[in-house]
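# Residue-level structural notes
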Amino acid sequence: MDLNYTAEDTAFREEVRQWFSENLPTEALTTLDDRRAWHRKLYEAGFIGMGWPKEYGGAERRPMEQAIVGEEMARVNAPAGVGGLGISIVGPTIIHHGTEEQKQRFVKNILTGEEIWCQLYSEPNSGSDLASLACRADIDGDEFVINGQKIWTSGAHHSDWGLMLTRTDRNASKHQGISCMLVDMKTPGVEVRPLKQISGSSEFSEVFFDDVHVSADNLIGELNTGWQIAQTTLGYERGGNTLSRATRLKEQFARLLEVAQHEREDGTRAIADPLIRQRLGAIYSDVEVLRYSSLRILTRLEKGQRPGPEASIAKLHYSELDKRVQEIILDILGPYGQQLEGLPAWAKLGASGIPIGEEDSGSWAYPFVWSRAGTIYAGSSEIQKNILGERVLGLPKEVRADRMPAAAPTKAAAGD
Ligand SMILES: Cc1cc2nc3c(=O)[nH]c(=O)nc-3n(C[C@H](O)[C@H](O)[C@H](O)COP(=O)(O)OP(=O)(O)OC[C@H]3O[C@@H](n4cnc5c(N)ncnc54)[C@H](O)[C@@H]3O)c2cc1C
């Protein structure tokens, strides 16, 4: 593995850095329209769908170039575009498994941010055990009729379309009777009910389906092959761009150092405490480990290898690290770490970047509460460990409690 950037990569980084210094918004993007306009600008600069085929509007850039853009965006705290799930999950799924008509109809609009997508997979009783999902799509002529409920659907309230898993064969084994389809969120019978989170925002929703008619043309791949399709989708979600995550944590660390050096009302500075310095040192080295393991993933991608079960290593590592880092930050900052609003400018997390709307009040507590979510979405840490054990290390399959043979009755239970 060569950890040096080529001259070409360095020149590309300069170009990207220049672009952001000239185009970074100077004011908060408070409305969806603001964010769509920013997304469009990113797309026109060639920074959205960078690895996608040119024939569908992508830029066919190398993984290293995508990582450089991700890093530069993290460095200046640039707002993300709209429809992250469309870019990270739906687009790649349609490109890999969709018909030519579906690619022509949907892919470009995902790239430009004209249509925003959500992922309709989880259900109240099917999260980790996704294959047990019950929301059903019955075939009726050249249509499906969907009935049931989804939950935790990120961005459902402003999505135009959803990538959905439904049960299309109730007699087949649970993995074999699932199909993947594209659902227009404005179809009659679709009801979106936003959920309030611990952070105060409502980023995800419950979605109810009551006799929702969907054309058979919106099926992705073959009928009842939805499980296999979902596996590629989840691989992308877990692979993610871990290098930019490391850069964001590094930027956050730089800001934490500034705050720790600030002279407080009582004339003391947090940095003067040797125990705090020790903890800062631990954060720094943890983030560096994340950066190096991200470079290892990038090396695999550069060689043309696709994210597989190994993506679980990255997902487990960064989400658990983020949680640990946010906990230490809050310990170091004391009450300032817990305030959601009203922080003095010197203590704000966002003070060196730009505000990104309501969720970015400069509060350190916001990334703290968000870090809890990272170890749940896209498969919880326990599930990543199961995948790593079984599919990477080749260990025996887990024995689930509900599938264990019934225990023989003890003497006491038998009434002896
Ligand atoms: C921020 C956020 C955004 C999300 N966005 C979306 C979205 O857009 N679309 C979507 O479809 N879903 C989304 N989800 C849902 C997410 O995929 C599920 O929450 C996740 O798969 C876990 O399922 P669950 O919540 O039903 O928990 P459960 O599956 O009920 O798990 C509960 C606990 O039991 C543990 N557990 C379960 N099974 C095992 C096992 N076999 N071995 C060991 N431990 C186990 C889990 O690790 C967890 O700690 C989102 C979740 C979050 C937090």
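Residues numbered from 1 in each chain as written. Predicted model: local features only at pLDDT ≥ 70, side-chain atom pairs only at ≥ 80, totals over all residues. Heavy atoms only, no water.

### Here we look at the overall build of the chain
A count of helices and strands for the chain gives 12 helices and 8 strands. Taking as baseline every contact in the chain between residues at least 6 positions apart, the subset at least 24 positions apart corresponds to 71%. (Helix = DSSP H or I, 4+ residues; strand = E, 2+ residues; numbered from the N terminus. Contact = heavy atoms within 4.5 Å.)

### Looking at the site of the ligand
Close contacts around the ligand come from 19 residues, with Ser 122, Ser 128, Trp 152, Ser 380 and Glu 382 the closest. Gln 119 places a polar main-chain atom, nitrogen or oxygen, 2.7 Å from a nitrogen atom of the ligand. One of the backbone nitrogen or oxygen atoms of Trp 152 is found 2.9 Å away from a nitrogen atom of the ligand. When residues of the shell around the ligand are traced back to their parent elements, those giving at least two are β3 (143-154), α11 (365-374) and α12 (381-392). (Near = heavy atom within 4 Å. Polar contact = N/O pair within 3.5 Å; in protein donor to acceptor, adjacent residues only side chain to side chain.)

### Some details on the side chain of Glu 288
When you line up the elements, Glu 288 lands in helix α8 (residues 274-302). Note on Glu 288: relative accessible area 14%, which makes it buried. Side-chain polar atoms of Glu 288 contact the side chain of Lys 250, separated by 3.1 Å. (Buried < 20%, exposed > 50% of the residue type's maximum accessible area, 1.4 Å probe, protein only.)

### Let's talk about the pairing of strand β1 (residues 117-120)
Looking along a regular strand, one sees side chains alternate from face to face of the sheet. The two faces of β1 match: Trp 117 and Gln 119 on one face and Cys 118 and Leu 120 on the other face are all buried. Relative to strand β4 (residues 161-167), β1 is paired through 4 bridges, and the arrangement is parallel. Bridge pairing in β4 places Leu 120 opposite Met 164. (Pairing = 2+ DSSP bridges.)

### Some thoughts on the confidence of the model for the chain
Model confidence for the chain is summarised by a mean pLDDT of 87, while 89% of its residues fall at 70 or above. This model gives residues 351-359 a pLDDT under 50, and the stretch forms 17 contacts once residues within four places in sequence are excluded. pLDDT under 50 marks residues 409-416. Its contacts with residues more than four places away, or in other chains, come to 1 contact. (pLDDT = per-residue confidence, 0-100.)

### A word on empty space enclosed by the protein
Following the criterion strictly, the structure yields 1 cavity of 30 Å³ or more and no others. If you add up the space inside the largest cavity, you get close to 80 Å³. As for the largest cavity, its lining consists of Val 259, Ala 260, His 262, Arg 264, Ala 270, Ile 332, Leu 333, Tyr 336 and Trp 346. Across the lining of the largest cavity, the residue classes tally to 7 nonpolar, 1 polar and 1 charged. (1 Å grid on protein atoms, 1.4 Å probe; cavity = no way out; pocket = protein on both sides within 12 Å on 5 of 7 lines; lining within 4 Å. Points joined across faces, edges and corners; volume = space filled by probe spheres on them. Nonpolar A, V, L, I, M, F, W, Y, C, P; charged D, E, K, R; others polar.)

### A look at the nonpolar core
Counting 47 residues, the largest nonpolar core has Phe 20, Leu 42, Ile 94, Trp 117, Leu 165 and Leu 182 as the members making the most contacts within it. Broken down by element, this core gets its largest block of residues, 6 residues, from helix α4 (residues 84-97). Beyond its immediate sequence surroundings of up to four residues, Phe 20 is in contact with Trp 38, Leu 42, Phe 47, Met 73, Val 76 and Ala 78. (Core = buried A, V, L, I, M, F, W, Y, C linked by side-chain atoms within 4.5 Å.)

### Observations concerning helix α7 (residues 242-261)
The terminal C-alpha atoms of α7, which comprises 20 residues, lie 29 Å apart, in line with the 28 Å expected from a rise of 1.5 Å per residue. Residues of α7 that are buried: Thr 242, Leu 243, Ser 244, Ala 246, Thr 247, Leu 249, Gln 252, Phe 253, Arg 255, Leu 256, Val 259 and Ala 260. (Expected span 1.5 Å × (residues − 1).)

### Looking at the packing of aromatic side chains
All chains considered together, the criterion is met by 12 aromatic pairs. Between Tyr 336 and Trp 346 the ring centres are 5.0 Å apart and the planes differ by 80 degrees, which places this aromatic pair in the edge-to-face class. With Tyr 336 in helix α10 (residues 335-338) and Trp 346 in the loop between α10 and α11, this residue pair connects regions lying 10 residues apart in the sequence. Among the aromatic residues, those joined into a ring-pair cluster are Trp 19, Phe 20, Trp 38 and Phe 47. (Phe/Tyr/Trp six-rings, centres within 6.5 Å; stacked < 30°, edge-to-face > 60°.)

### Looking at unusual backbone geometry
Not every positive phi belongs to a glycine, and Glu 60 is a case in point at roughly 50 degrees. Tracing the backbone shows Glu 60 in the loop between α2 (32-44) and α3 (63-75). Of note, Asn 77 is a non-glycine position whose phi angle comes to about 55 degrees, a positive value. As for its placement among the helices and strands, Asn 77 is situated in the loop between α3 and α4.

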